[in-house]
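In case you want the letters, here they are:
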Amino acid sequence: MTQPTENETVLDLFKQSDALLQGHFKLTSGKHSEWYFEKIRLIEKPASLEKIVDLLAAKIRREVPDFDYVVSPAYGAIAIGFLVALKLGKRFAFTQRADEKMTVRSGFSGLGGSRAVVVEDILTTGGSIQEVLACLKERQVSVAGIYVLVDRSAGAVAVEGRPVASLLALKVEAFEPEACPFCAKGIPLTKPGASDKKA
Ligand SMILES: [Zn+2]
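Residues numbered from 1 in each chain as written. Predicted model: local features only at pLDDT ≥ 70, side-chain atom pairs only at ≥ 80, totals over all residues. Heavy atoms only, no water.

A. Main features of the sheet that holds strand β1 (residues 20–26). With antiparallel pairing, the three strands of this open sheet are ordered in space as β1-β2-β9. Edge positions in the sheet fall to β1 and β9 (174–175), since each has one partner strand and no second. Alignment of strand β2 (residues 32–37) against β9, held across two bridges, turns out to be antiparallel. Within β9, the residue paired with Ser33 across the bridge is Ala174. (Pairing = 2+ DSSP bridges. Helix = DSSP H or I, 4+ residues; strand = E, 2+ residues; numbered from the N terminus.)

Structure below.
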C-alpha cells in the first residue's frame with residue numbers, strides 16, 4: 001500500500017480549498033505560470049482550512065515543545081494562527097501595519113517576555129515575517145519557531161538566518177511569455193484577480 005507523502009496530501013488539501021489553482025496564469029510580474037495562489041481562499045472555507053491547520057499544528061507540536069503564543073501578521077494569517085493556537089491550547093496575538101510600521105496590535109496583555117511561534121500563510125520573500133520578528137524583539141518576545149503553510153521559495157529563504165518551516169514547499173516556475181510552454185500549447189491565459197499584495 002502506498003501512502004501519499006505529506007507534500008502530496010497537503011497539495012491535495014490546498015487544491016480542495018481552491019487556494020491553489022492549476023492552469024495557465026499571467027502573474028503580476030507579467031510572467032506566466034502553471035500555478036496560482038489565491039491565498040485569501042484559504043480562509044474562505046474554514047472546514048478546508050481546518051484540515052490544513054491540523055497538519056501544521058501537529059508539526060509544531062512535534063517540533064516546538066514549549067511556547068506561550070502564536071503570533072501572525074494581519075490579515076489573512078490571523079485566522080490561520082488563531083486556529084493553530086486553538087488546536088494547541090496556546091494564546092494568540094497578531095501584528096498589523098500602523099503608519100507603515102509593523103506593530104503588535106494594542107491590547108494584548110501577556111505577550112511581552114513570552115515565547116512565541118510565528119505563523120504566516122505564504123512565504124515569498126520573508127519580508128513580513130522579518131517585520132514581525134522585529135516588533136516581537138522590541139517586546140522581548142523570544143521566537144521559538146517560524147512556520148508557514150506554503151513556502152514558495154522551496155527552502156531558499158531564511159529570515160534573519162532562521163529557517164522557516166513549511167507544510168508545502170513549492171517552487172513556482174514562471175516563464176517569459178515568449179518561452180512559456182503553455183502558450184506554445186495554445187492553452188488560454190487567465191489573469192487572476194488582483195491580489196492585496198503588490199508584486
Ligand atoms: Zn503562457
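B. Molecular detail of the coordination of the zinc ion. Taken together, His24 (NE2), His32 (ND1), Cys180 (SG) and Cys183 (SG) make up the protein donors of the zinc ion, found 2.0 to 2.4 Å from the metal. Classification of the site at the zinc ion rests on its four donor atoms, whose angles at the metal span 93 to 120°, yielding the label tetrahedral. On the primary sequence, the residues serving as donors to the zinc ion are separated as H-x7-H-x147-C-x2-C. The buried category is assigned to His32, whose relative accessible area is 5%. (Donors = N, O, S within 2.8 Å, 3.2 Å for Na, K, Ca; no water. Tetrahedral: all angles 85-135°; square planar, octahedral: opposite > 155°, others 65-115°. Buried < 20%, exposed > 50% of the residue type's maximum accessible area, 1.4 Å probe, protein only.)

C. Quick peek at the environment of Thr125. Among the secondary structure elements, Thr125 is positioned in the loop between β6 (115–123) and α4 (127–138). There is a polar contact of 3.3 Å between the side chain of Thr125 and the backbone nitrogen of Gly127. (Polar contact = N/O pair within 3.5 Å; in protein donor to acceptor, adjacent residues only side chain to side chain.)

D. View of the sheet that holds β6. Ordered in space as β5-β4-β3-β6-β7-β8, the six strands form an open sheet in which the pairing is mixed. If you trace the sheet from one side to the other, it starts and ends with β5 (101–104) and β8 (165–169), each paired once. On average, adjacent strands in this sheet sit at an angle of 20° to one another, irrespective of strand direction. Where α4 meets the sheet, its contacts fall on β3 (69–73), β4 (91–98), β5, β6 and β7 (142–151), and the angle it forms with β5 comes to roughly 50°. (Axes fitted to C-alpha atoms, helices over the stretch in contact; angles between N-to-C directions. Contact = heavy atoms within 4.5 Å.)

E. Main features of α4. Helix length check: α4, at twelve residues, gives a terminal C-alpha distance of 17 Å against a target of 16 Å (1.5 Å per residue), a fit within 8%. Taken together, the buried positions of α4 are Ser128, Ile129, Val132, Leu133, Cys135 and Leu136. The inward-facing, buried residues of α4 contact β3, β4, β5, β6 and β7. Following α4 by one or two positions, Gln140 has its phi on the positive side, about 55°. (Expected span 1.5 Å × (residues − 1).)

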